[in-house]
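# Structure at a glance
Chain residues, written in single-letter form:
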Amino acid sequence: DQQVKQNSPSLSVQEGRISILNCDYTNSMFDYFLWYKKYPAEGPTFLISISSIKDKNEDGRFTVFLNKSAKHLSLHIVPSQPGDSAVYFCAASASGTYKYIFGTGTRLKVLA
Amino acid sequence: SQTIHQWPATLVQPVGSPLSLECTVEGTSNPNLYWYRQAAGRGLQLLFYSVGIGQISSEVPQNLSASRPQDRQFILSSKKLLLSDSGFYLCAWSSGGFANEKLFFGSGTQLSVL
């Protein structure tokens, strides 16, 4: 049972354009969502998070949008840079459970 | 500042051999600790998590076990490795007792079972 889904395994974007990565979840108890960036053979690094009391959170070039009714979140990267090329994972957690459930990841390639 | 150490970085083991991966966290107390696995071409699968010494929750029935002998030490073990145990193993921590905390990962161990 995949509670967190990233349906696009890969995405290619031109440098300077917007990258939009999507994530869907099924568990309505999830109330905290995170995005991570991962390079090969390295641990994931935290990018940005959002609580369910918000619908948008912004940090520099990264913005996360949350649509609770649709159980959908997205990560926008503007402008995209070649160094953004990596695998991006979304994760979700429910208060009091201490568990973080990850999606399958989306490989982003930013073309110079 | 807090740091997480995970070793070894790479490991090649024969089928049927034992396994012990160790993870330690510095600069914090009473963290929540986690073991994840990324199989080839797959996402991050939660294997075990611990909210305190001796408290282990298992997420997936498998050939592996975890232990937390000290507050900031988390160990992943197996008595007999299977081919299917190959993958990239990640240790992680978050601040214990708080909601909406980030998860911080170690650098990972690439395990190849041959």
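Before reading further, recall that the structure is shown in the block above.
Procedures and definitions
- Residues numbered from 1 in each chain as written.
- Chains lettered and ligands numbered in written order.
- Predicted model: local features only at pLDDT ≥ 70, side-chain atom pairs only at ≥ 80, totals over all residues.
- Heavy atoms only, no water.
- Patch = residues over 30% accessible without salt bridge, like charges linked within 9 Å, V, L, I, M, F, W, Y side chains within 5 Å.
- Areas by Shrake-Rupley, 256 points an atom, 1.4 Å probe, with all protein chains shown as cover.
- Salt bridge = Lys/Arg side-chain N within 4 Å of Asp/Glu carboxyl O.
- Helix = DSSP H or I, 4+ residues; strand = E, 2+ residues; numbered from the N terminus.
- Buried < 20%, exposed > 50% of the residue type's maximum accessible area, 1.4 Å probe, protein only.
- Disulfide = S-S within 2.5 Å.
- Pairing = 2+ DSSP bridges.
- Contact = heavy atoms within 4.5 Å.
- Core = buried A, V, L, I, M, F, W, Y, C linked by side-chain atoms within 4.5 Å.

## Observations regarding a nonpolar patch on the surface
Residues and elements named next belong to chain A. Taken together, the side chains of Ile 18, Ile 20 and Val 78 present a nonpolar region at the surface, about 230 Å² in accessible area. If you trace the backbone, Ile 20 turns up in strand 3 (residues 19-25). You can call Ile 20 partly exposed: its relative accessible area is 37%.

## What to know about the state of the cysteines
Per the counting criterion, the structure on display carries two disulfides over all chains. In this model Cys 23 of chain A forms its disulfide with Cys 90 of chain A; the gap between the sulfur atoms is 1.9 Å. Between Cys 23 of chain A and Cys 90 of chain A, the disulfide has an S-S torsion of 65° and is therefore right-handed. Pair noted here: Cys 23 of chain A is in strand 3 and Cys 90 of chain A is in strand 9 (residues 86-93), with a separation of 67 residues, a long-range link. For Cys 90 of chain A, a relative accessible area of 0% puts it in the buried group. The disulfide bridge from Cys 23 of chain B ends at Cys 91 of chain B, spanning 2.0 Å between sulfur atoms. With the S-S bond torsion at -75°, the cross-link from Cys 23 of chain B to Cys 91 of chain B turns out left-handed. Of this pair, Cys 23 of chain B sits in strand 3 (residues 19-26) while Cys 91 of chain B sits in strand 9 (residues 87-94), placing them 68 residues apart in sequence. Note on Cys 23 of chain B: relative accessible area 1%, which makes it buried. Taking relative accessible area as the criterion, Cys 91 of chain B reaches 0% and is therefore assigned buried.

## A few points about the sheet that holds strand 7 (residues 62-67) of chain A
Residues and elements named next belong to chain A. Within the open sheet, the five strands sit side by side as 1-3-8-7-6. Their pairing is antiparallel. Two strands close off the open sheet at either side, each with one partner strand: strand 1 (4-5) and strand 6 (56-59). The pairing of strand 3 with strand 8 (residues 72-77) spans six bridges and is antiparallel. If you follow Cys 23 over to strand 8, its bridge partner there is Leu 73.

## Concerning the side chain of Asp 84 of chain A
All names here are of chain A. Looking at the element boundaries, Asp 84 is found in the loop between strand 8 and strand 9. Judged by relative accessible area, Asp 84 falls into the buried class, the value being 2%. Setting aside residues up to four positions removed in sequence, Asp 84 forms contacts with Lys 37, Arg 61, Phe 62, Ile 77, Pro 79, Leu 108 and Val 110.

## Concerning the nonpolar core
Among the nonpolar cores identified, the biggest contains 43 residues, and Trp 35, Leu 75, Tyr 88 and Phe 102 of chain A together with Tyr 36, Leu 103 and Phe 105 of chain B are the most heavily contacted of them. In terms of residue count, the dominant contributor to this core is strand 9 of chain A (seven residues). Ignoring anything within four residues of it in the chain, the contact list for Tyr 88 of chain A reads Gln 6, Leu 21, Trp 35, Tyr 36, Lys 37, Leu 47, Leu 75, Ile 77, Gly 105, Thr 106 and Leu 108 of chain A. Membership of the second largest hydrophobic core comes to 20 residues, among which are Leu 11, Leu 33, Leu 47 and Tyr 89 of chain B.

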